[in-house]
Structures are given as structure tokens and as C-alpha cells.
Amino acid sequence: MRSGVSPDTFPPRGHEAKRLSIVDAAAGVFCREGFAGANIDLIAVEAGVSRQTVYNHHGDKEKLFIAVVRDLTERCNAGIFATIATFPDQPGDLEADLIGFAVRLNQNCICNRDGKFLRKLIQTEGERYPELFAEWREQGPGRTWPAIAARFARLAYGGYLAIHDPDVAARQFLGLVNAELQTTFMLGGTPSEDDVVQSATNGVRTFLRAFGKRPSPTSVKRHAALANA
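What you are looking at is a predicted structure, and each value in this text was computed from that prediction instead of being measured.

It is worth spelling out the nonpolar core at this point. The biggest cluster of nonpolar side chains holds 32 residues, and the ones touching the most others in it are Leu98, Phe152, Leu161, Phe173, Val204 and Phe207. For this core, the elements supplying multiple residues, two or more each, are α4 (61-84), α5 (94-110), α8 (141-157), α9 (166-177) and α11 (193-211). If you tally residues by element for this core, the top one is α5, at nine residues. Of all hydrophobic cores here, the second largest spans 27 residues; its members include Ile22, Val23, Cys31 and Val69.

Relative to the helices and strands, Ala179 is located in the loop between α9 and α10 (182-186). A relative accessible area of 41% means that Ala179 is categorised as partly exposed. Taking the C-alpha atoms as reference, Ala179 lies 7.4 Å from Gly203; in sequence the two are 24 residues apart.

So, about the state of the cysteines. Applying the stated criterion across every chain yields a total of zero disulfides. Cysteine Cys109 is unpaired, with the sulfur of Cys76 as its nearest cysteine sulfur at 7.5 Å. Taking relative accessible area as the criterion, Cys109 reaches 7% and is therefore assigned buried.

This paragraph deals with α9. In this model, α9 (12 residues) spans 16 Å end to end at C-alpha, consistent with the 16 Å of a helix rising 1.5 Å per residue. Buried within α9 we find Ala169, Ala170, Phe173, Leu174 and Val177. Projection of α9 onto a plane perpendicular to its axis shows the buried side chains occupying an angular sector of 130°, all on one side. Its buried side turned inward, α9 meets α5, α8 and α11.

Procedures and definitions
- Residues numbered from 1 in each chain as written.
- Predicted model: local features only at pLDDT ≥ 70, side-chain atom pairs only at ≥ 80, totals over all residues.
- Heavy atoms only, no water.
- Core = buried A, V, L, I, M, F, W, Y, C linked by side-chain atoms within 4.5 Å.
- Buried < 20%, exposed > 50% of the residue type's maximum accessible area, 1.4 Å probe, protein only.
- Helix = DSSP H or I, 4+ residues; strand = E, 2+ residues; numbered from the N terminus.
- Disulfide = S-S within 2.5 Å.
- Expected span 1.5 Å × (residues − 1).
- Arc of directions from axis to C-beta.
- Contact = heavy atoms within 4.5 Å.

The structure is reproduced here in C-alpha cells:
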């Protein structure tokens, strides 16, 4: 909103539209200024509402920050669960199918705007204000990691992977497939499509070296015997 323009001059907006506008503006301000540097007046200006409207909706800055984290978590979760629905439960080519899944996960959930905002808030404010992320820990990783672990458990049950602890495997997978994107993220950049594919490819190949199904000694001896026959 331009300086000197009263929020009252804008077309009327409903309660939900105002709430979304405030949360969206606050996400940008908190990411740019940090929790300590942000203030309600600046958020109100960027949302195109009055200062009192922000207080009416959220009470104070801490409650508004929690609302921002909650909103970003819900939107990120929606993308993650939609992507989990495409997980290759019965892969034709395990490596290629997992790479495709990893690319979708990175593009839809990690490299998009909501993912970038949420990651920035966690990285910059998580250590100073851990209590503000309690709901994120429960509703974010607390829900999405077990859902991914369950998919890997199915692959193990189907004989595609050698996994003893699906929770560990899921965390390892998530860490590996975006490992090469972290420097770009830390510098505030957006990885290219090629970067996303390369990181996913290298991560999946490393994952499969750790958790890929290995042939039994009997099978190896049988193949060796046939080769020497």
C-alpha cells in the first residue's frame, strides 16, 4: 500500500480476505525483518488494513507470528500430502521412480514460496524463539515424516528395499534428496530445475546404496555358476 493512503479508501473486503491478507503480509515482513524487527504498523501497511484490524484478528505480534507459521505449515502440508499420493508403491524402475518422486517433493514442497518462507523463519528464528514453533513440530514433521516412512515400509515389505527402521529411512531420504540445494537456500536463492534434478538423482542413488535390496549369497553363487557354465 502507498504511504498516505488510508485503508478505508480500498474496496471492502470480507473477514477471511482480510485475515489472509494480514497473514500473507506478515509472512513477508517476518522473513524480511525478523521477529524482533517486525512491527504491527508495518504489517498493517503492507496488508492494506488498519493497525486495529490486525489486533482484532490476531491480538499481538507473537500470536500473529504463530498464525503465520500455522498457515504456512498447513499449505506446505497440503503440497506434501498431494505429492506423497504420487509415491511409487509398485515401482517399475525403483531408482528412476524415486528420483521422480524426489524431484516433485523438492519442486512442490521445498522450493516453492511457502516452503521458502517457512524454512527462512525456522532458520532465523527457531533458535531464539523455539516455543513459537511448537505447533509446527507437531503438525509439520510430526505428520509428514511418518506418512513418508509408511510408504518406505511398504516398499520394504514388497521386497524393493532393505529397511529395518522406516522412520530413519524416511529422514535419510528427505535429507539426501535436497542436500545439494542447501547452499542456494542459505544464500536466499532459488535452485534451477537442473539443480533440483541433480540433487534428487544424487540423493536417491546414495539412498539406494544404503537401503537397496541386495542379492542373497545363494543368489550370487547361482549367478556366478551360470556365468561360468
